[in-house]
Amino acid sequence: QMVLSEKVNQLMEWASKRSVIRMNGDKFRRLVKAPPRNYSVIVMFTALQPHRQCVVCKQADEEYQILANSWRYSSAFTNKIFFAMVDFDEGSDVFQMLNMNSAPTFINFPAKGKPKRGDTYELQVRGFAAEQLARWVADRTDVNIRVIRPPNYAGPLMLGLLLAVIGGLVYLRGSNLDFLYNKTGWAFAALCFVLAMTSGQMWNHIRGPPYAHKNPHTGQVNYIHGSSQAQFVAETHIVLLFNGGVTLGMVLLHEAATSDMDVGKRKIMCIAGIGLVVVFFSWLLSVFRSKYHGYPYRYVSS
């Protein structure tokens, strides 16, 4: 009991100075692995040193710090749960002990027993947003953390800039507000919004997935997630580009069929439109096939 009290006091002292406790191999074995323990420890295994070139580690660390600070400075803060970090360059022996070969990885070490399958966070499926991590922590420890993010003034500034631009246009145009009734402008804005939403931008905003994934063994970067249940931010941009290409092709075909230009130009527009639709729709099917394994259909490219 004295050993347990000393361990809790030590962790509380460190947590009072830093929300995320940095651990090496000795601290990890003594305070996380070795009994007795009546507290849970959420550990992020990462590689933050610049020479590791782990961009995802830095992004995940920022969200992890937000989660830990939200818990540390909340009125419900207790010694029931602590947040810690093991960097590969400071605790490579811990990585070897746990047979861990990828980073970042989040593991919950419960107050009793060893970590179970659900105690390893599914980073590729859920993403590393602080809100998603908080839900996982609540599921594994029954500790509910209200995530409080630092104030971000980018949104209000952009809104103010937009209002200033609109106000400037209204002032310069005076009483002539015909530009507000421009159907082409409104159609283009609506099309951009539709393409962004159908490409998965809202999913990214909710789930907070990584931009891409770099294989730690081969160094290969994957921009398309191999599962139909998740996606990368880069994948959203790729699908957005492909959807835009198909849309542009359809617009050219419509113009070729309805415009009053000479026949030669209309033929060129028609050929260009067909080419865009064929190529970009074929690439869309290729992305679909790579995520839904066993899908039997394809257009041009495999």
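Residues numbered from 1 in each chain as written. Predicted model: local features only at pLDDT ≥ 70, side-chain atom pairs only at ≥ 80, totals over all residues. Heavy atoms only, no water.

So, on to the state of the cysteines. Counted according to the given criterion, the structure contains one disulfide. One disulfide in the model links C54 with C57; its S-S distance is 2.1 Å. Taking the sign of the torsion about the S-S bond as the criterion, the disulfide between C54 and C57, at about 70°, is right-handed. (Disulfide = S-S within 2.5 Å.)

What follows deals with the UniProt feature "transmembrane region" (unreviewed entry) in the protein chain. As recorded in UniProt, the sites labelled "transmembrane region" (unreviewed entry) are residues 153–172, 184–203, 238–256 and 268–288. Secondary structure within residues 184–203 divides into 90% helix and 0% strand; the distance between the first and last C-alpha atoms comes to 28 Å. Measuring from the first to the last C-alpha atom of residues 238–256 gives 27 Å, for a span that is 100% helix and 0% strand. (UniProt positions renumbered as here; feature names shortened; annotations may be inferred. Helix = DSSP H or I, 4+ residues; strand = E, 2+ residues; numbered from the N terminus.)

All right, on to the side chain of S70 then. Structurally, S70 is set in helix 3 (residues 55–72). Separated by 2.7 Å, the side chain of S70 and the backbone oxygen of I66 make a polar contact. With sequence-adjacent residues up to four places away left out, S70 is seen in contact with I145, R146, V147 and I148. (Polar contact = N/O pair within 3.5 Å; in protein donor to acceptor, adjacent residues only side chain to side chain. Contact = heavy atoms within 4.5 Å.)

What follows is about the packing of aromatic side chains. Counted by the stated rule, this structure contains 15 aromatic pairs. Taking the centre distance of 5.6 Å and the plane angle of 85° together, the rings of Y39 and F82 count as edge-to-face. Of the two residues, Y39 is situated in the loop between helix 2 (25–33) and strand 2 (40–46) and F82 in strand 3 (residues 81–87); the sequence distance between them amounts to 43 residues. No difference in accessibility class separates Y39 from F82, as the two residues are buried. Among the aromatic side chains, those forming a connected cluster through ring pairs are F28, F45, F88, F95 and F109. Cation over ring: K27 sits above W14, and NZ or CZ is 4.6 Å from the ring centre. Positioned above the aromatic ring of F77 is the side chain of R72, whose terminal nitrogen or guanidinium carbon lies 5.0 Å from the ring centre. (Phe/Tyr/Trp six-rings, centres within 6.5 Å; stacked < 30°, edge-to-face > 60°. Buried < 20%, exposed > 50% of the residue type's maximum accessible area, 1.4 Å probe, protein only. Lys NZ or Arg CZ within 6 Å of the ring centre and 35° of its normal.)

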